[in-house]
Amino acid sequence: MTLTTSGIDSKVLISMFRTMITIRRFEEQSKREADSGKLRGLHSSIGQEAVPTGMCAHLGDKDFIFGTHRSHHHCIAKGVDLRQMMAELLGKSTGTNKGKGGTMHIADIDKGMLGANGVVGSNIPVSIGAALSAQVLGTDHVSVVFFGDGAANQGALHEALNLAAIWKLPAIFVCENNRYAESTPFEYAVAGGSVANRAAGYDIPGVLVDGQSVLDMYEVSGEAVGRARAGEGPTLIEAQTYRYHGHFGADNPLAYRTEEEEEHYKEKDCIKRLTDYLVENAIATTEELDKLDQEAVESVAEAAKFANDSPFPNPEELFDDVYSDYPKGALVAGMQLDGLPDPGLVTPPSS
Amino acid sequence: MGDKVRKVSYIQAVNEVLRQEMERDSSVIVMGEDVAGGGGRPDKKDAWGGPMRLTKGLIFEFGENRVRDTPISEAGFIGAGVGAAATGLRPVVELMYVGFLGVCADQIFNNAAKMHYMFGGKVKMPLTIMTATGAGLNNAAQHSETVYSVFTHYPGLKCVVPSGPYTAKGLYASAIRDDDPVIIFNNRPAMGLRSDDHVPEEPYTIPIGKASISVEGTDITLIGIGYTTRLCMEAAEELESDGYSVEVIDLLSISPLDTETILESVRKTRKVVIVDEDYPRCNVASDISALVAEEAFDYLDAPPKRVTPPHTSVPYSRALEAHWIPNKDKVVSAARQVLE
Ligand SMILES: Cc1ncc(C[n+]2csc(CCOP(=O)(O)OP(=O)(O)O)c2C)c(N)n1
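Residues numbered from 1 in each chain as written. Chains lettered and ligands numbered in written order. Predicted model: local features only at pLDDT ≥ 70, side-chain atom pairs only at ≥ 80, totals over all residues. Heavy atoms only, no water.

Caption draft 1: Region of the structure containing the overall build of chain B. Within chain B, the secondary structure is distributed over 13 helices and 12 strands. Scaling as 2.2 N^0.38, a compact globule of 340 residues should have a C-alpha radius of gyration of about 20 Å, and chain B matches this with 20 Å. Expressed as lengths along the three principal axes of its C-alpha atoms, the size of chain B is roughly 65 × 50 × 40 Å. Burial analysis of chain B (340 residues in total) assigns 63% to the buried set. (Helix = DSSP H or I, 4+ residues; strand = E, 2+ residues; numbered from the N terminus. Rg over C-alpha atoms; globule rule 2.2 N^0.38 Å. Buried < 20%, exposed > 50% of the residue type's maximum accessible area, 1.4 Å probe, protein only.)

Below, the structure is given as structure tokens:
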């Protein structure tokens, strides 16, 4: 183990670089797929890579994370397969969710990713349920929920914080404060000007961290995970970050923010800063990092090819997985099964 | 009509009626997430004008006191809408997608729906909730639902489903002026479709609880709800080219339900197909089917038929969603089964 000035093993630093650059390249590719009309409703995580990367570096496959509508970065940081993710975005049967969930709902229980969720705040109470399982079953697993600054105003957060605090659950609440909920600025919507401060009401640690610094994110996350594993209860982390793109594909963010502000945050870009740190401290050379970038580009390209070559689900799959066990006839009652239209989609030939 | 036809989009029609009702009555206010947008930034006011752009520009005319951006706190601001309605305002509150109903269900079902009755009629509840419904945009299970039936189930709530710009404008005006809570369902795919409706500029109302007959016919009745009325109209065209005379009912209100218009039509045509995008169990189509079976059994030449999605959540993949959603072909095929 090689400790660096940050106190972090150099292998961990390199691995975090790899994760962040992979997220960025993946998101660039998902945007290209969306621009070519293959998927709708994309919420890009570009700019926010450091937050789940610093956290998930402390987690194993048995620790659970929970996401939001904007969750590709959470999934990648937790180790979900890029090919299956991209296939899910394109609605293919080889996707993580067999094409049932799509961009807002990627889940992979084997990797401890218990789902992105399209309802703002909805996953927060669910996440403390996984922490409850760990406590009751006596494991040292932790549960981490990511949510936006907008979600901080849902009652669900407050109920979950209180429960986690009274039961000392191994739960970690990570607010990704990217300054906006759709077009609504954080300072308009969040009274008191802080999410981290809300922890005080529940007498648990509330930590404000620069979410564009993966080193800071790693350190703060390590403390929270350590407390949770040691049975010392929950932590609320507010990671200050920024989404570089609009809220979703078609949104023009300059309608509610300025170019100067965008520039200000982009100057503090998490990948750029880690690159500088690694090079300045002679932990890696620019060439080595370029090579990692190139590898990320290639694995994303491979994922895109896999996704594009994969078949769409067969129409009959519509009726799979509604329940574990249910008579199929009851699912289609009242529906016209005959005369099903050709949806006009061609499954590409696998090459 | 010729040049007299005034075409506006569904979104413009709603925007216009909101403006007119706010001008007409200073107790009308609008609340919701990003209804103006850019909250608190004077230079970025009206950044969105609503997630569906229904409220665009209203903040400039009516100010921040009456056009309020809310945090993402549906229980909070829909509950506030209930309290404001009980105390002198006529709030129009936006629940962005009907799938988010779960977050604020208590406020709608336990308070908005029940207060008037529970308090012996001593409190009025002039609350309007507008919300987006509809599959077909690959938005997956949480952003594509219709769930009319959940609302119609509750006594105390009125529920309306416009089918185009003309009916939207008239139903919104009625909803806002109504002293009971009214939920208005806006179908997202339909909001983006072109329409030939003539929409008068001057304010008008369309009565809540009255269905409209879109075309008269004698061989079969097709009943549509909002967007599915369009499917019925397309199906009618195809069936008519086969020589059938088709009557299409545009339901418009699902609570109260215009049972008279439905029964009168079915007694005439003796055959009925009901097209509902809601989940098939206990939905509005089942309700109408039961009504027809109970009240017009002796007139029927064939059992009533429902066209609905299957009893599954809405799938993301467009390859699956295309099979899930009702469409013209399914309506035509159901109608043929009933006719033959
Ligand atoms: C309960 C609920 N209300 C509203 C929405 C619509 N919506 C989707 S994302 C979003 C903004 C979320 O902001 P934030 O939590 O800060 O996350 P970010 O988009 O910034 O990642 C809103 C209002 C929703 N999905 N769920």
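So much for the structure itself; the text now carries on.
Caption draft 2: Seen up close, the site of the ligand. Residues in contact with the ligand amount to 22 residues; listed here are only the nearest, His69, Arg70, Gly118 and Gly150 of chain A together with Glu74 of chain B. With respect to the ligand, the chains having nearby residues are chains A and B. Contacts to the ligand include Val120 of chain A, whose backbone N or O atom sits 2.9 Å from a nitrogen atom. Contact distances for the ligand include 2.9 Å between an oxygen atom and a backbone N or O atom of Tyr180 of chain A. Here the ligand has 570 Å² of accessible area as a free molecule, and 97% of this is covered by the chains. In the shell around the ligand, the residues fall into 9 nonpolar, 8 polar and 5 charged. (Near = heavy atom within 4 Å. Polar contact = N/O pair within 3.5 Å; in protein donor to acceptor, adjacent residues only side chain to side chain. Areas by Shrake-Rupley, 256 points an atom, 1.4 Å probe, with all protein chains shown as cover. Nonpolar A, V, L, I, M, F, W, Y, C, P; charged D, E, K, R; others polar.)

Caption draft 3: Looking closely at the interface of chain A and chain B. Of the residues lining the interface, 63 residues belong to chain A; the matching set on chain B comes to 50 residues. Interface area for chain A against chain B, summed over the two sides, is near 4500 Å², with a carbon-plus-sulfur share of 55%. On inspection of chain A and its partner chain B, the count reaches 2 salt bridges. The closest approach of N and O atoms between Glu261 of chain A and Arg41 of chain B, which form a salt bridge, is 4.0 Å. The residue inventory of the side of chain A that touches chain B, partitioned by class, reads 32 nonpolar, 20 polar and 11 charged. (Contact = heavy atoms within 4.5 Å. Buried area = accessible area lost by both parts, 1.4 Å probe. Salt bridge = Lys/Arg side-chain N within 4 Å of Asp/Glu carboxyl O.)

Caption draft 4: Here's a closer look at the sheet that holds strand β6 (residues 206–210) of chain A. Residue and element names in this part refer to chain A. Taking strand neighbours across the sheet as the criterion, the 5 strands line up as β1-β2-β3-β7-β6 in an open arrangement whose pairing is parallel. Only two strands of the sheet have a single partner each, and these edge strands are β1 (64–66) and β6. For this sheet the average axis-to-axis angle between neighbouring strands, irrespective of direction, equals 20 degrees. Here β6 pairs with strand β7 (residues 235–240) via 5 bridges, running parallel. Across the sheet, residue Gly206 finds its bridge partner in β7, namely Leu236. Helix-sheet contacts for helix α8 (residues 214–229) involve β3 (171–177), β6 and β7, and the interaxial angle to β7 is about 170 degrees. (Pairing = 2+ DSSP bridges. Axes fitted to C-alpha atoms, helices over the stretch in contact; angles between N-to-C directions.)

Caption draft 5: Local environment of the nonpolar core. Formed by 86 residues in total, the largest nonpolar core has its most connected members in Ile108, Phe151, Phe185, Leu251 and Ile254 of chain B. In terms of domain composition, this core takes at least three residues from each of domain 1 (10–191) and domain 2 (212–339) of chain B. Every residue in contact with Leu251 of chain B, bar those within four places of it in the chain, is listed here: Lys210, Ala211, Ile223, Gly224, Ile225, Thr229, Leu257, Ile262, Val284 and Ile288 of chain B. Judged by nonpolar contacts, the second largest core, of 41 residues, contains Ile23, Leu39, Ala87 and Val220 of chain A. (Core = buried A, V, L, I, M, F, W, Y, C linked by side-chain atoms within 4.5 Å. Domains from an automatic or database assignment.)

Caption draft 6: Representation of the domain arrangement of chain B. All names here are of chain B. Taken as a whole, chain B is organised into domain 1 (10–191) and domain 2 (212–339). Inter-centroid distance (C-alpha atoms) of domain 1 to domain 2 is 27 Å. In this complex, domain 1 contributes 26 residues to the contact, which on the side of domain 2 involves 26 residues. Summed over both partners, the interface of domain 1 with domain 2 buries about 2100 Å², with 57% contributed by carbon and sulfur atoms. The interface formed by domain 1 and domain 2 contains 0 salt bridges.

Caption draft 7: Inspection of the pairing of strand β11 (residues 272–275) of chain B at higher detail. Residues and elements named next belong to chain B. Residues Val272 and Ile274 point to one face of β11 and Val273 and Val275 to the other, with burial holding for every one of them. Here strand β8 (residues 220–224) runs beside β11; their pairing, made up of 4 bridges, is parallel. By the bridge assignment for β11, Ile223 is matched with Ile274. Viewed along the sheet, the connection from β11 through helix α11 (residues 284–295) into strand β12 (residues 305–307) turns out right-handed. (Right-handed = clockwise from strand over helix to strand, strands pointing away.)

Caption draft 8: Summary view of empty space enclosed by the protein. This structure, assessed with the given rule, holds 2 cavities of 30 Å³ or more. Its boundaries defined by the atoms lining it, the largest cavity holds a volume of some 40 Å³. Lining the largest cavity are Lys38, Leu39, Leu89, Leu90 and Gly91 of chain A together with Asn138, Tyr316, Ser317 and Arg318 of chain B. Its residues placed into classes, the lining of the largest cavity shows 4 nonpolar, 3 polar and 2 charged. Computed from the structure, the second largest cavity encloses a volume of approximately 30 Å³. (1 Å grid on protein atoms, 1.4 Å probe; cavity = no way out; pocket = protein on both sides within 12 Å on 5 of 7 lines; lining within 4 Å. Points joined across faces, edges and corners; volume = space filled by probe spheres on them.)

Caption draft 9: Structural context of the packing of helix α5 (residues 123–137) of chain A against helix α6 (residues 155–166) of chain A. All names here are of chain A. The N-to-C vectors of α5 and α6 enclose an angle of 20 degrees; their axes lie 8 Å apart at closest approach. In terms of orientation, α5 and α6 fall into the roughly parallel class. The two elements α5 and α6 meet at a crossing, and its hand is left-handed. Here α5 contributes Ile124, Pro125 and Ile128 to the contact with α6, which in turn contributes Ala156, Leu157, Ala160, Leu163 and Ala164. Classifying every residue of the contact of α5 with α6 gives 8 nonpolar, no polar and no charged. (Parallel < 35°, antiparallel > 145°, perpendicular 65-115°, else oblique. Left-handed = near helix turned anticlockwise from the far one by under 90°.)

Caption draft 10: Molecular detail of a negative patch on the surface. Residues and elements named next belong to chain A. Together, Glu259, Glu260, Glu263 and Glu267 make up a region of like negative charge exposed at the surface. Here Glu259 lies in helix α9 (residues 259–267). When its relative accessible area of 51% is taken as the criterion, Glu259 is described as exposed. (Patch = residues over 30% accessible without salt bridge, like charges linked within 9 Å, V, L, I, M, F, W, Y side chains within 5 Å. Lys, Arg positive; Asp, Glu negative; His and termini not counted. Charge placed at Lys NZ, Arg CZ, Asp CG, Glu CD.)

Caption draft 11: Just helix α10 (residues 270–280) of chain A, in detail. All names here are of chain A. Turning to α10, its buried residues number three or more, namely Cys270, Ile271, Leu274, Tyr277 and Leu278. What you see down the axis of α10 is that its buried residues fit within an arc of 130 degrees, all on one side. Buried residues along α10 sit in contact with α1 (10–35), α2 (50–56), α8 and α11 (286–309). Where α10 starts, the residue carrying a side-chain oxygen 3.2 Å from the main-chain nitrogen of Ile271 turns out to be Asp269. At the exit of α10 stands Ala282, carrying a positive phi of roughly 55 degrees. (Arc of directions from axis to C-beta.)

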